[in-house]
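Given next are the chains, with one letter for each unit.
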Amino acid sequence: IGLPIERRIVRESLKRGFTVVAVSSIDQHGSKCWHPDVDVARVIAALEHVLHQAKLPRLPVLALGASSGGRMVHELAVMDLPPKFTVPGRKRLAAVAVQIMPIPLEEFDAEYPATILWHMPRDARSAAHILPAKSRLRDLNRPVKELRCNPQPLHRTYFSDWMPLLNTTTSSAIVLALTEAGILDAKGFL
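Residues numbered from 1 in each chain as written. Predicted model: local features only at pLDDT ≥ 70, side-chain atom pairs only at ≥ 80, totals over all residues. Heavy atoms only, no water.

Chemist: Looking at this structure, I do not really get the overall build of the protein. What am I missing?
Modeler: Secondary structure assignment for the protein yields 7 helices and 4 strands. Counting helices and strands in the order they occur from the N terminus, the protein gives α-α-β-α-β-β-α-α-β-α-α. Overall, the C-alpha framework of the protein stretches about 55 × 40 × 35 Å when taken along its three principal axes. Within the span of the protein, comprising 190 residues, buried residues form 31% of the whole. Restricting the contact set of the protein to residue pairs at least 6 apart, pairs at least 24 apart contribute 55%. Carbon and sulfur atoms form 60% of the exposed surface of the protein, whose accessible area is close to 11600 Å². Placing the 24 positive and 18 negative side-chain charges of the protein at their respective mean positions leaves the two points 7 Å apart. (Helix = DSSP H or I, 4+ residues; strand = E, 2+ residues; numbered from the N terminus. Buried < 20%, exposed > 50% of the residue type's maximum accessible area, 1.4 Å probe, protein only. Contact = heavy atoms within 4.5 Å. Areas by Shrake-Rupley, 256 points an atom, 1.4 Å probe, with all protein chains shown as cover. Lys, Arg positive; Asp, Glu negative; His and termini not counted. Charge placed at Lys NZ, Arg CZ, Asp CG, Glu CD.)

In structure tokens form, the structure reads like this:
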């Protein structure tokens, strides 16, 4: 999709020497949500294709997904994968970052990859799952970290700061329109 945060994650990952593979769900005309029953095989095929074409060695694979993509990443995290996607001695992904998607506690096991649980504290439904998930993973001696996406005020250059192709004039106009529509409070929060 290429949302600003996704583009920033890719840019920062490339700067750090990672190979980045971005895959979209097969559902491009409906909800655009991931459907693990059909998308898992597609993701594995895409990774195999990239590894083969780029002649990459056996490397640890990390996966990041938001919302239904978080569920998709979790589905990959509980699978034994081909050796070319794992580090020696392991059968699973090296790490996962699951954004704004609760994972059922009973699906964690002792082989679950290192995990980042990334959520918005104002989303009480998802946030309520974070502490139990962290506790379960720690009980299984699995590395886990919580990241919070806290509210940020929108200021004049907010959108142009995030989207390099957007100028400050347009960014200011967007913030002004949101303010005049009553969507932002006096401090610039939604």
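Chemist: Please explain the environment of Val61 as it appears in this structure.
Modeler: Relative to the helices and strands, Val61 is located in the loop between helix H2 (36-53) and strand S1 (62-66). Each residue touching Val61, except ones within four places of it in the same chain, is listed here: Leu47, Phe85, Leu93, Ala94 and Ala95.

Chemist: Please clarify how the packing of aromatic side chains should be interpreted in this entry.
Modeler: The geometry of an aromatic ring pair comes down to the distance between the two centres and the angle between the two planes. In the structure shown here, the tally under the stated rule is 2 aromatic pairs. Geometrically, the ring pair formed by Phe108 and Tyr112 is edge-to-face, given 4.8 Å between the ring centres and 90° between the ring planes. Tyr112 matches Phe108 in its accessibility class, with the two residues each being buried. On the basis of an interplanar angle of 85° and a centroid distance of 5.3 Å, the ring pair of Tyr158 and Phe159 is categorised as edge-to-face. Among the residues examined, Phe159 registers a relative accessible area of 16% and is labelled buried. (Phe/Tyr/Trp six-rings, centres within 6.5 Å; stacked < 30°, edge-to-face > 60°.)

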